[in-house]
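Below are the chains, spelled out letter by letter.
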Amino acid sequence: MISIENYAFAGCKSLKEITLPLSLTTIGNYVFSGCTSLINVSLPLTLTSIGNYSFAGCSSLNNISIPPSINVISEGAFYVCTSLIRISIPSSVTLIQDYAFAKCASLVDIFIPLSIESIGRYAFKQCSLLTNISIPSTITSINEGTFYGCSSLKQIQIPDSVKIIKKYALCKCSSLINVHLPSTMTSINEGTFSGCSLLTHIIIPESVISIQKNAFAKCLSLTDMLIPSSVTSIGKFAFSGCTSIQNISIPSNITSIDKGTFCECASLKKSQFQNQ
């Protein structure tokens, strides 16, 4: 047997273990989705394709080894695998697709190899025990909502190869204290750091020309903000609800301050408009 077709074992809630044939090359879409009792599965070295949402909702699965014959971790492949603690991604993998590990609430450690060229939207959404992650230098953009709601994430290493951090990428990372932004960025996009309630300090690089709406909304621990002279626009509610911010410096290049930009900044004592 070389393939298991779509939905073959979907919803088999009493299935605890399965031995896959050594000749298997393809696991179709949703094959083991909803197998809530499945604890362990051994993927053969012949396997080249794991389908979309193939192990989604396997809430008892605590360990899985991805063979080096796999190039893509498909959309939602391990979505809501709430018992999965660690996973090793081989260097053969170049692409992690949307929602691949979203809501893996027990995942504490994941190594992203240098072979990875792209990480999909919401790939690690609400991995609430993930504390540290390093982005490889092969990545040029962090996708929409990639780490949304990773509430235990304290550190993230973003290389200078990253030119774009898309909207909501680090939204609600409520344990994030400090982050270094690469000097290649031109925009801080919508909601990027919204709800990062422990973020105390961030340096916006001189390459940034736009701070979009809700970019830093409800960053409750942010005390000071120096906006570089390169910035020409600040979006709606960009700093709203930043209740600890005391000082803010606004460059002369700003043509307008949008509605609600600094609303509910209850501790704001000094707002300085820089001269030309």
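For clarity, every value in this text was computed on a predicted model and none was experimentally measured.

What counts, and where the lines are drawn
Residues numbered from 1 in each chain as written. Predicted model: local features only at pLDDT ≥ 70, side-chain atom pairs only at ≥ 80, totals over all residues. Heavy atoms only, no water. Helix = DSSP H or I, 4+ residues; strand = E, 2+ residues; numbered from the N terminus. Buried < 20%, exposed > 50% of the residue type's maximum accessible area, 1.4 Å probe, protein only. Contact = heavy atoms within 4.5 Å. Pairing = 2+ DSSP bridges. Core = buried A, V, L, I, M, F, W, Y, C linked by side-chain atoms within 4.5 Å. Polar contact = N/O pair within 3.5 Å; in protein donor to acceptor, adjacent residues only side chain to side chain. Salt bridge = Lys/Arg side-chain N within 4 Å of Asp/Glu carboxyl O. Phe/Tyr/Trp six-rings, centres within 6.5 Å; stacked < 30°, edge-to-face > 60°. Lys NZ or Arg CZ within 6 Å of the ring centre and 35° of its normal.

Let's talk about the overall build of the protein chain
Phase 1 of the analysis: A tally of helices and strands in the protein chain yields 0 helices and 23 strands.
Phase 2 of the analysis: Each principal axis of the C-alpha atoms in the protein chain carries an extent, and together these give about 75 × 30 × 25 Å.
Phase 3 of the analysis: Counting all 276 residues of the protein chain, 48% fall into the buried class.
Phase 4 of the analysis: Put simply, 23% of the contacts in the protein chain that link residues at least 6 apart link residues at least 24 apart.

Quick look at the sheet that holds strand β21 (residues 233-234)
Phase 1 of the analysis: Taken together, 3 strands build an open sheet; the order of strands is β17-β19-β21 and the sheet is parallel. Edge positions in the sheet fall to β17 (187-188) and β21, since each has one partner strand and no second.
Phase 2 of the analysis: The pairing of β17 with strand β19 (residues 210-211) spans 2 bridges and is parallel. Of the residues in β19, the one forming a bridge with isoleucine 188 is isoleucine 211.

Concerning the nonpolar core
Phase 1 of the analysis: Phe32, Phe55, Phe78, Phe101, Phe124, Phe193 and Ile211 are the most contacted members of the largest nonpolar core, which totals 83 residues.
Phase 2 of the analysis: Beyond its immediate stretch of four places on either side in the chain, phenylalanine 32 contacts Ile4, Phe9, Leu15, Ile18, Leu20, Ile27, Leu38, Ser54, Phe55, Ala56 and Cys58.

Thoughts on the environment of lysine 13
Phase 1 of the analysis: Within the secondary structure, lysine 13 sits in the loop between β1 (3-4) and β2 (17-19).
Phase 2 of the analysis: Between the alpha carbons of lysine 13 and proline 68 there is a distance of 29 Å; along the sequence they are 55 residues apart.
Phase 3 of the analysis: Setting aside chain neighbours within four positions, we find lysine 13 in contact with Gly34, Thr36 and Ser37.

Side note on the side chain of serine 175
Phase 1 of the analysis: Secondary-structure assignment places serine 175 in the loop between β15 (164-165) and β16 (178-179).
Phase 2 of the analysis: With relative accessibility at 16%, the residue serine 175 sits in the buried group.
Phase 3 of the analysis: For serine 175, the side chain forms a polar contact with the main-chain oxygen of serine 151, separated by 2.5 Å.
Phase 4 of the analysis: Other than its neighbours up to four places away in sequence, serine 175 contacts Ser151, Ser152, Leu153, Lys154 and Leu198.

Quick look at the pairing of strand β22 (residues 247-250)
Phase 1 of the analysis: Here strand β20 (residues 224-226) pairs with β22 via 3 bridges, running parallel. Each bridged residue has a counterpart across the sheet, and for methionine 225 the counterpart in β22 is isoleucine 248.

Some words on the pattern of salt bridges
Phase 1 of the analysis: Enumeration according to the criterion identifies 1 salt bridge in this entry.
Phase 2 of the analysis: Of the charged contacts, one joins aspartate 98 and arginine 121 as a salt bridge, the two residues approaching to 3.3 Å between their closest N and O atoms. Here arginine 121 lies in the loop between β11 (118-119) and β12 (132-134) and aspartate 98 lies in the loop between β9 (95-96) and β10 (109-111), a separation of 23 residues in the sequence.
Phase 3 of the analysis: A residue is classified by how much of its surface remains accessible, and arginine 121, at 30% relative accessible area, is partly exposed.

As for the environment of glutamate 17
Phase 1 of the analysis: Positionally, glutamate 17 belongs in strand β2.
Phase 2 of the analysis: Discounting chain neighbours no more than four positions away, the residues touching glutamate 17 are Leu38 and Asn40.

Let's talk about the sheet that holds β9
Phase 1 of the analysis: Pairing is parallel across the open sheet formed by 3 strands, whose spatial order is β7-β9-β11. The sheet is open, and its two borders are formed by β7 (72-73) and β11, each paired with just one other strand.
Phase 2 of the analysis: Pairing between β7 and β9: 2 bridges, direction parallel. Directly across from valine 72, in β9, lies its bridge partner leucine 95.

A short note on the environment of leucine 107
Phase 1 of the analysis: Relative to the helices and strands, leucine 107 is located in the loop between β9 and β10.
Phase 2 of the analysis: Judged by relative accessible area, which is 0%, leucine 107 ranks as buried.
Phase 3 of the analysis: Put simply, leucine 107 and isoleucine 234 are 127 residues apart on the chain and 36 Å apart in space, counted from C-alpha to C-alpha.
Phase 4 of the analysis: Setting aside anything within four residues of it in sequence, one finds leucine 107 in contact with Leu84, Ile85, Arg86, Ile87, Cys127, Leu129 and Leu130.

Some points on the packing of aromatic side chains
Phase 1 of the analysis: In the structure shown here, the tally under the stated rule is 15 aromatic pairs.
Phase 2 of the analysis: Seen from their ring centres, phenylalanine 101 and phenylalanine 124 are 5.5 Å apart, and the 10° between their planes marks the pair as stacked. In this pair, phenylalanine 101 sits in the loop between β9 and β10 while phenylalanine 124 sits in the loop between β11 and β12, placing the two residues 23 residues apart along the sequence.
Phase 3 of the analysis: Judged by its relative accessible area of 0%, phenylalanine 124 is buried.
Phase 4 of the analysis: Relative to phenylalanine 147, the ring of phenylalanine 124 has its centre 5.6 Å away and its plane inclined at 10°; by these criteria the two rings are stacked. Placement of the pair is phenylalanine 124 in the loop between β11 and β12 and phenylalanine 147 in the loop between β13 (141-142) and β14 (155-157), with a sequence separation of 23 residues.
Phase 5 of the analysis: Residue classification places phenylalanine 147 among the buried residues on the basis of a relative accessible area of 0%.
Phase 6 of the analysis: An aromatic cluster is present here, built from Tyr7, Tyr30, Tyr53, Tyr79, Tyr99, Tyr122 and Tyr148 joined pairwise through their rings.
Phase 7 of the analysis: Lying over the aromatic face of tyrosine 148, lysine 125 brings its terminal NZ or CZ to 5.7 Å of the ring centre.

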